[in-house]
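Survey of secondary and tertiary structure
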Amino acid sequence: MDTIQRNMSLTGEPPKTINRTQKIATFIGMFGLAILLLATFNVNFPNKGLWLSIALLSITSGIILFAKGAYSNELEGIKNHGVWFKSISSRGFLAWISGISLTGFYVILYFYPVYLGLNSEGENTGIIALFDPLSRILSGNPASQWFVYGTLYTIAIFAFGIKFIWKYRHNRYEKIRTMSVMFFQTAFAFLIPEFMARLNDSEAYNLPYYDLKSIWPLNYYLFDSYSLDGLLSSGNLGLYMLLFGVVSIFIITPILTYKYGKRWYCSWVCGCGGLAETAGDPFRHLSDKSQFAWKVERWVIHSVLVFAVLMTTAMVSTYLGSDPNAYWLTRDVFLIGVAIFLTLIFVLIWIFKKQELKKDARYGAIGYFVIIIGLFLIHSFSGSNNIFIFEASTLRLWYGFLIGAVFSGVIGTGFYPIFGSRVWCRFGCPMAAILGLQQRLFSRFRITTNGGQCISCGNCSTYCEMGIDVRAYAQKGENIVRASCVGCGICSAVCPRGVLKLENGPMQGRIDGNEILLGNDVDLMTLVNKN
Ligand code: SF4
Ligand code: SF4
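Residues numbered from 1 in each chain as written. Chains lettered and ligands numbered in written order. Predicted model: local features only at pLDDT ≥ 70, side-chain atom pairs only at ≥ 80, totals over all residues. Heavy atoms only, no water.

Identification of the protein as FeS-binding protein from Pukyongia salina is taken from an unreviewed UniProt entry.

This is how it looks when you write it as structure tokens:
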């Protein structure tokens, strides 16, 4: 009887099964996961600290050992053998099972933490109780669902980070970048906030959870009233932290993005990017490369950014007073300031960068600008207390639910095995939208292409997690200056011909598509002199 021939490779078969080291690693890792699962179903482990350590160590060492089995006997160089033939990485049965399980986990985490054992009025039970000992060591408090999530998230970035470094060990950029995300996740997102919570034992502090590397609008809760209250009532430390948050938005981010593009954040610092690059690495080829997806991406991500700006403006303005004799920064002053700031940005882009915007970007910019300013005017003339028609708290609630929970968590991470690893970063993250706008319009970053060397193999496009058709640029020898490019460097790393190079250089001549196209009307001497 005929069997289906799944192997299209001319050079060899993908491995039919995992090797012995990988089998042992799978057993060890699954053992750790089983402990967590049993705890979720309320098996009461006698010595929780010990069992938690065994579980976390088993998971971590299982992943690292699996990577050893996969890469240690291979020559250096990227191995993506058989990704389209394995069920887990080709949207097969295992991928769907993983996607549905992860999504289910996120739904319970965000909306029904009580099923994980969260008990705000007494002792925790279930998996959250298993994490109590570790939480008490770090912050002095019992664990919450977010502590459990944060611990597992950090372990995932750490262990899969080591796997990633093993896989890309021939590439210095990838190694350093991965160590950077591992550091920022462990220190900034996990440990420092826990130690800050310990400070709250003293009456002088009332610090909210604050991941210092999470910058607004990604950190959309920074300007919530509880967060502002907490920071402002925590003495100088709280004030410095709030100032740091504001300086990060208006000074640190623009300077670093100008110098290095959005990669400094999306691929070197951010936790979402960190998880996508490490645990999400086996799924990077699943990103949609179509023009349609690119169009959807532009509209959706900028709509989320507008939503974030409106929501934050509403939240801050409701926090401020309206009596000009009591405060200089009243609600009206703030709203006028925001309106002037946005108008200024719009006008500057229109004057200096209009030519670099595609037609739909121009329509979108005008549309969003009119909507935002229109809402400001409605508010000013209506005399209503509501900012932007809806109450600020309603906007915040919907933003937290739709963007913070459903988009970034449930869809963004839960569906790694189906849509690829950067769905959230590409379609939903408002921080990526701001960085992307700047990267496209005002940054020294670009990927240069040595088109004459390109053999059109398509590796670069296949493994671009942001769905950029890198090959199309390489074939033309055109610089890649795309808002969505997170500068992960994988396109360059997988290119067998050394065509692509991530570079920072002068802005002049950075976007050179028209001159390059087919070469028909190019005055080569002018082009050479310009560069
Ligand atoms: S174009 Fe290259 S560097 Fe940019 S996101 Fe895609 S793979 Fe990463
Ligand atoms: S990986 Fe390199 S050679 Fe292959 S299509 Fe991309 S740029 Fe060309």
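That covers the picture; the talk isn't over yet.
Here the focus is the site of ligand 2. Taken together, 14 residues sit near ligand 2, with Cys454, Cys457, Gly458, Cys460 and Cys495 positioned nearest. Only α19 (459–462) and α20 (470–476) provide two or more residues apiece to the shell around ligand 2. A breakdown of the residues in the shell around ligand 2 according to their chemical character gives 9 nonpolar, 3 polar and 2 charged. (Near = heavy atom within 4 Å. Helix = DSSP H or I, 4+ residues; strand = E, 2+ residues; numbered from the N terminus. Nonpolar A, V, L, I, M, F, W, Y, C, P; charged D, E, K, R; others polar.)

Moving on, we come to unusual backbone geometry. Omega for the bond connecting Trp216 with Pro217 falls within 30 degrees of zero, at 10 degrees, which places this linkage in the cis form. The residue Pro217 is located in the loop between α7 (172–199) and α8 (225–232) in this model. Despite not being glycine, Ser456 shows a phi value in the positive range, around 60 degrees. Tracing the backbone through its elements, the reader meets Ser456 in the loop between β1 (445–449) and α19. Overall, Ser456 belongs to the partly exposed group, its relative accessible area being 31%. (Buried < 20%, exposed > 50% of the residue type's maximum accessible area, 1.4 Å probe, protein only.)

With that settled, consider the side chain of Arg284. Topologically, Arg284 is positioned in the loop between α11 (271–278) and α12 (291–319). Polar side-chain contacts of Arg284 include one of 2.9 Å to the side chain of Glu277. Looking at Arg284, its side chain comes within polar contact range of the side chain of Glu465, at 3.3 Å. Among all residues touching Arg284, those that are not within four sequence positions of it are Phe164, Tyr168, Glu277, Lys289, Ser421, Thr462, Tyr463, Cys464, Glu465, Cys488 and Ile490. (Polar contact = N/O pair within 3.5 Å; in protein donor to acceptor, adjacent residues only side chain to side chain. Contact = heavy atoms within 4.5 Å.)

What follows covers the packing of aromatic side chains. Within the structure shown, the criterion is met by 21 aromatic pairs. Seen in terms of ring centroids, Trp146 and Tyr149 are 6.3 Å apart; in terms of plane orientation they differ by 75 degrees. Their pairing is edge-to-face. Of this pair, Trp146 and Tyr149 are both found in helix α6 (residues 145–167), 3 residues apart, which corresponds to roughly one turn of the helix. The class for Tyr149 is buried, based on a relative accessible area of 16%. Over the ring of Trp294 we find Arg298, and its NZ or CZ is 4.9 Å from the ring centre. (Phe/Tyr/Trp six-rings, centres within 6.5 Å; stacked < 30°, edge-to-face > 60°. Lys NZ or Arg CZ within 6 Å of the ring centre and 35° of its normal.)

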